[in-house]
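So you can see what is in the structure, the chains are spelled out below.
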Amino acid sequence: ASTTGSDSQDAGSQSETQQSGTGETDSANAPSEFTEVNEEENTITYLVQPKDTFEVELNDVEEHWAKDYIEELASRGLLTGYETEEGEKEFRPNQNMTRAELIKVAVRAMELPVPLNVFALPAEFTDVHPKEWYAGYVYAAKVAGIVAGTDGKFRPNDQVNRAEALKIILLAAKANLEDVPAGSNLPFDDVERSAWYRPYLKYAFYKGVVTGYIEEGKRLFKGASNITRAEVAKMILSQFDFDIEEE
């Protein structure tokens with residue numbers, strides 16, 4: 001079936017390849033002029049930078065539908081990319097995202113303080129070990145009310161579907177879900193009235209955060225489909241208002 005006017009033209013099937021560290025080669029991992037360290041609270045805050053702060057050289061997004069979103073997100077230091085064995089940078093736009101990776105982006109987009117020493121903090125989830133790269137981000141997200149987990153577990157390496165990702169991003173942005181036109185309806189043919197994510201989707205659609213897929217004359221949200229890195233880039237930049245003075 002043809003797909004046009006969508007959030008993504010290719011949901012992708014490649015599984016997440018976890019590399020050392022965060023997987024990505026982040027430009028703002030260490031304390032620098034792009035971070036704020038609070039020694040009293042023992043936290044670090046990664047600051048969202050103005051557009052074009054970081055040089056973007058990604059060799060796999062030139063023809064991608066999300067090129068503009070990806071390049072802006074990368075130039076702000078929120079999501080960068082992976083370095084190949086040949087020393088080139090690639091974004092892997094159609095690669096699915098894990099819960100840990102999404103939380104990292106959401107926490108950085110909100111500029112939430114991340115603990116520097118997770119070992120000294122009470123365990124929030126039984127499956128998040130303090131030594132893992134994502135432990136600080138997950139802790140920050142839990143404290144901020146962005147995630148709650150299930151049965152004491154966070155499931156950091158599980159892939160995230162579109163509905164779950166949308167909820168996480170809107171909670172991180174502290175979106176007012178009531179800020180939609182009165183009596184407005186959703187145009188998606190695959191979203192039941194009883195769908196748990198309907199309030200989030202209603203807000204997101206009318207704010208232009210998501211548009212969905214058009215397939216065979218029907219508009220689909222595909223809430224159960226795994227979200228890709230490209231789709232996350234679009235959602236983040238469509239929802240967050242980065243109030244930064246551009247150079």
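Only a predicted model underlies this, so the values are computations on that prediction, with no experimental measurement involved.

Turning our attention to the nonpolar core. Ile-103, Leu-166, Leu-201 and Phe-221 are the most contacted members of the largest nonpolar core, which totals 66 residues. Residue assignment for this core shows that the elements contributing at least two residues are β2 (43–46), α1 (67–75), α2 (99–109), α3 (135–143), α4 (162–172), α5 (198–206) and α6 (229–239). If near-sequence neighbours (up to four positions away) are discounted, Leu-166 is found in contact with Tyr-200, Leu-201, Ala-204, Val-209, Val-210, Phe-221 and Met-235.

Another point: the environment of Leu-112. Structurally, Leu-112 is set in the loop between α2 and β5 (114–115). Sequence separation between Leu-112 and Val-143 is 31 residues; the distance between their C-alpha atoms is 9.8 Å.

Remark: α2 packs on α3, axes separated minimally by 9 Å, with the N-to-C direction vectors making an angle of 60 degrees. When the axis of α2 is compared with that of α3, the two are oblique. Considering only the axes of α2 and α3, their crossing is left-handed. In contact with Ile-103, Lys-104, Val-107 and Arg-108 of α2, α3 contributes Tyr-137, Val-138, Ala-140 and Ala-141. For the contact of α2 with α3, the residue count by class is six nonpolar, no polar and two charged.

Each α-helix turn comprises 3.6 residues. Residues three or four places apart therefore point the same way. Most of α6 sits out of view: ten of its eleven residues are buried. Of the residues making up α6, those classed as buried are Arg-229, Ala-230, Glu-231, Val-232, Ala-233, Lys-234, Met-235, Ile-236, Leu-237 and Gln-239. As for α6, its buried residues are in contact with α1, β3 (82–83), α2, α4, α5 and β6 (213–215).

What counts as what
Residues numbered from 1 in each chain as written. Predicted model: local features only at pLDDT ≥ 70, side-chain atom pairs only at ≥ 80, totals over all residues. Heavy atoms only, no water. Core = buried A, V, L, I, M, F, W, Y, C linked by side-chain atoms within 4.5 Å. Buried < 20%, exposed > 50% of the residue type's maximum accessible area, 1.4 Å probe, protein only. Helix = DSSP H or I, 4+ residues; strand = E, 2+ residues; numbered from the N terminus. Contact = heavy atoms within 4.5 Å. Axes fitted to C-alpha atoms, helices over the stretch in contact; angles between N-to-C directions. Parallel < 35°, antiparallel > 145°, perpendicular 65-115°, else oblique. Left-handed = near helix turned anticlockwise from the far one by under 90°. Nonpolar A, V, L, I, M, F, W, Y, C, P; charged D, E, K, R; others polar.

Such coordinate-based values are descriptive only and should not be taken to indicate function.
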